[in-house]
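Notes for the structure review
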2 protein chains.
Amino acid sequence: MKTNKRPLILVSNDDGVNAKGLKNLIEVVKPFGDIVVVAPESAKSGMSHAISFKNPIRLNRIKEYENVKIYSCSGTPVDCVKLALNQVVERKPDFLVSGINHGSNASISVVYSGTMGAAIEGCLNGIPSIGFSILSHSLDADFSLARKYSKKIFEKVMEKGLPQGICLNVNFPIIDIDELKGFKVCRQARGVWKEEFDKRIDPNNRDYYWLTGNFNNFEPDAEDTDEWALNNNYASIVPIDIDYTSYDTIEKMKENYF
Amino acid sequence: MKTNKRPLILVSNDDGVNAKGLKNLIEVVKPFGDIVVVAPESAKSGMSHAISFKNPIRLNRIKEYENVKIYSCSGTPVDCVKLALNQVVERKPDFLVSGINHGSNASISVVYSGTMGAAIEGCLNGIPSIGFSILSHSLDADFSLARKYSKKIFEKVMEKGLPQGICLNVNFPIIDIDELKGFKVCRQARGVWKEEFDKRIDPNNRDYYWLTGNFNNFEPDAEDTDEWALNNNYASIVPIDIDYTSYDTIEKMKENYF
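What you are looking at is a predicted structure, and each value in this text was computed from that prediction instead of being measured. (Residues numbered from 1 in each chain as written. Chains lettered and ligands numbered in written order. Predicted model: local features only at pLDDT ≥ 70, side-chain atom pairs only at ≥ 80, totals over all residues.)

Within chain A, the secondary structure is distributed over 6 helices and 13 strands. Radius of gyration (C-alpha) of chain A: 19 Å, near the 18 Å computed for a compact globule of 258 residues. Taken along its principal axes, the extent of the C-alpha atoms in chain A is 55 × 50 × 50 Å. By residue count, 52% of the 258 residues in chain A fall in the buried class. Expressed as a percentage of contacts within chain A between residues at least 6 apart in sequence, the contacts between residues at least 24 apart total 77%. (Helix = DSSP H or I, 4+ residues; strand = E, 2+ residues; numbered from the N terminus. Rg over C-alpha atoms; globule rule 2.2 N^0.38 Å. Buried ≥ 20, exposed ≤ 12 C-beta atoms within 10 Å, placed from the backbone. Contact = placed C-beta atoms within 7 Å.)

So, about the packing of helix H1 (residues 20-29) of chain A against helix H4 (residues 144-160) of chain A. All names here are of chain A. Close contact between H1 and H4 brings their axes to 9 Å; oriented N to C, the two are set at 45°. Here H4 runs oblique to H1, going by the angle between their axes. Between H1 and H4 the crossing geometry is right-handed. Contact residues: Asn-24, Glu-27, Val-28 and Val-29 in H1; Ala-146, Arg-147, Ser-150, Lys-151 and Phe-154 in H4. (Axes fitted to C-alpha atoms, helices over the stretch in contact; angles between N-to-C directions. Parallel < 35°, antiparallel > 145°, perpendicular 65-115°, else oblique. Left-handed = near helix turned anticlockwise from the far one by under 90°.)

As a further point, take the relation of the copies chain A and chain B. Mapping chain A onto chain B is achieved by rotating through 180° and translating by 0.0 Å along the same axis, at an RMSD of 0.0 Å. On this basis, the relationship between the two copies can be described by a two-fold rotation axis. (Least-squares fit on C-alpha atoms with pLDDT ≥ 70 in both.)

This paragraph deals with the interface of chain A and chain B. Between chain A and chain B, the contact holds 58 residues from the first and 59 residues from the second. For the side of chain A that touches chain B, the secondary structure elements donating two or more residues are helix H2 (77-88), helix H3 (114-124), H4, strand S8 (182-185), strand S11 (207-211), strand S13 (234-241) and helix H6 (247-256) of chain A. If one sorts the elements of the side of chain A that touches chain B by residue count, H6 of chain A sits on top with 6 residues. A per-class count over the side of chain A that touches chain B returns 35 nonpolar, 12 polar and 11 charged. (Nonpolar A, V, L, I, M, F, W, Y, C, P; charged D, E, K, R; others polar.)

Membership of the largest hydrophobic core comes to 152 residues, with the highest contact counts inside it found for Val-97 of chain A together with Val-97 of chain B. If near-sequence neighbours (up to four positions away) are discounted, Val-97 of chain B is found in contact with Ile-9, Val-11, Leu-25, Val-29, Ile-130, Phe-132 and Phe-154 of chain B. (Core = buried A, V, L, I, M, F, W, Y, C linked by C-beta atoms within 7 Å.)

Moving on, we get to the sheet that holds strand S3 (residues 59-65) of chain B. All names here are of chain B. Judged by pairing direction, the sheet is mixed, and its 9 strands sit side by side in the order S3-S4-S2-S1-S5-S6-S7-S13-S8 without closing on themselves. Strand pairing shows two members of the sheet lacking a second neighbour, S3 and strand S8 (182-185), which therefore form its edges. Sheet twist, expressed as the mean angle between neighbouring strand axes with direction ignored, is 20°. Here S3 runs beside strand S4 (residues 68-73); their pairing, made up of 6 bridges, is antiparallel. In the strand pairing of S4, Leu-59 is matched with Cys-73. Taken strand by strand, helix H4 (residues 144-160) contacts strand S5 (95-102), strand S6 (129-134), strand S7 (166-172) and strand S13 (234-241), and its axis lies near 165° from that of S6. (Pairing = 2+ DSSP bridges.)

This part covers unusual backbone geometry. Residues and elements named next belong to chain A. Cis geometry marks the peptide bond from Gly-99 to Ile-100, where omega comes out at -15°. For Ile-100, the location among the structural elements is in strand S5 (residues 95-102). In this structure, Glu-66 takes a positive phi of about 40° despite not being glycine. Looking at the secondary structure, you find Glu-66 in the loop between strand S3 (59-65) and strand S4 (68-73). Classification of Glu-66 as exposed rests on a count of 8 C-beta atoms within 10 Å. If you check the backbone angles, Asn-205 has positive phi at about 70° while not being a glycine.

As a further point, take the sheet that holds strand S1 (residues 8-12) of chain A. Residue and element names in this part refer to chain A. Overall, mixed pairing links the 9 strands, which are arranged S3-S4-S2-S1-S5-S6-S7-S13-S8 in an open sheet. The outermost strands of the open sheet, each flanked by one partner alone, are S3 and S8. The mean inter-strand angle of the sheet, taken between neighbouring strand axes irrespective of direction, is 20°. Sheet topology places S1 next to S5; 4 bridges connect them, and they run parallel. Within the sheet, the bridge partner assigned to Leu-10 lies in S5 and is Leu-96.

All right, on to the environment of Tyr-71 of chain B then. Along the chain, the position of Tyr-71 of chain B falls in strand S4. Beyond its immediate sequence surroundings of up to four residues, Tyr-71 of chain B is in contact with Val-37, Val-38, Leu-59, Asn-60, Arg-61, Ile-62 and Val-88 of chain B.

Residues and elements named next belong to chain B. As a packed pair, helix H2 (residues 77-88) and helix H3 (residues 114-124) sit with axes 7 Å apart at the nearest point and diverge in direction by 30°. By the criterion of interaxial angle, the relationship of H2 to H3 is roughly parallel. Taken as a pair, H2 and H3 cross one another with a handedness that is right-handed. Residues Pro-77, Val-78, Cys-80, Val-81 and Lys-82 of H2 form the contact with H3, whose participating residues are Gly-114, Thr-115, Gly-117, Ala-118, Glu-121 and Gly-122. Of the residues that constitute the contact of H2 with H3, the class distribution is 5 nonpolar, 4 polar and 2 charged.

Here the focus is the pairing of S7 of chain B. All names here are of chain B. Burial of S7 is extensive: 6 of the 7 residues sit out of reach of the surface. Sheet topology places S6 next to S7; 5 bridges connect them, and they run parallel. Considered in S7, the bridge of Ile-130 is made with Leu-168. For the handedness criterion, the β-α-β arrangement of S6, H4 and S7 is classed as left-handed. Note: S7 against S13, 6 bridges, orientation antiparallel. Pairing of Leu-168 across the sheet is with Pro-239, part of S13. (Right-handed = clockwise from strand over helix to strand, strands pointing away.)

Here is the structure:
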């Protein structure tokens, strides 16, 4: 069948099946293949690579139009990808795209991100995978810049592929579309979220805590980092390695520790 | 105050505050300093680096004896560490230990693991951090081997420290204590969980899915991997880098992609 020769593109996110960023990402990849979307039924930000095995999950068929099939799943972003691969698609997808996330996943946010959880799960399964994010949490954010340039990045990955075990963490600044200076392939900036918990008292006089926090960039002047790129009107592209081993440390520890 | 000069050791896990593995880990580190435990109030396996910011979290004082203070938290393992650092301890802990997890966190399981989520969060905050796991999911597993050798590893880390940005993922095989051949500092084996969802029909005639799965080791004969070490009666020690950037790929992509 001719249609089977078109690339199969799996789409997910962590903001949920109704997010504006997801709708924009579907439009970006729709010209390039058959699209299957499996996204969380509600927002699952900050879910990282979490999986559900203590509770069963549900899959719901949402809608189908032209070359797009959309499902929602009650689980995490990684559950969405696993369920898509095992129960929804009939063959292995050629590409996975995740996002476009409402909010930055640059620097250390990659470890908390459900958007990147989905991309990493695709990568683990041998699928060239990209997570896209913009630096605005607004539900109604303007995705025109992100749409234009995520299309260019996706086309490049379609053409060249990605190395085995590597996925991309792409972030876009919030600037006018003609202010973007280009892409920077860069490293994850070193930094940490400094959490300030907002402690409150409930009507029963018991304490509870809301997690808030501010990002603390340890190296704001380092021009080879994603944070620098984004602050200087570039889109940042960080290649993420799913092998977390520190090879340098293996050698040091063999000599000095054990 | 003299007591402030003793090391402060933060303990967490993902199996919950009542897990046998946690009790064993407290006993391992108790001789070495003042112990603060903040662990999930119920089992939070597979939570990876997830954080709670859509719902508030609770902190409960469980008990205090000798040099040990135990709290539970309603959130994820990473929430436990964040809440501990911001609301419980009066100074930055000198060490963080997480576990001892009931079940392997070797190879790619590191990305799903709440035990390692807690250790990575400690590492992000500049605290030398170790996650410990045994290769048995049994609630009543025998921790005598893990206790003996996690003490040795902890003592070595107390003596030598850990490089900035590196934490340890330690796994112990399930063998008799005198069968252990030693430690192997090694790399994360390449592999993937092949998920087989168990599809069921609920009483209302709707489908639901349980996540199950089998680990698929892509390189069972590679002697420098954690899986090989564990299968050959060694404890595995993988140094984990919290910088997920693939530096090799940056160079390749600069030349060939963008």
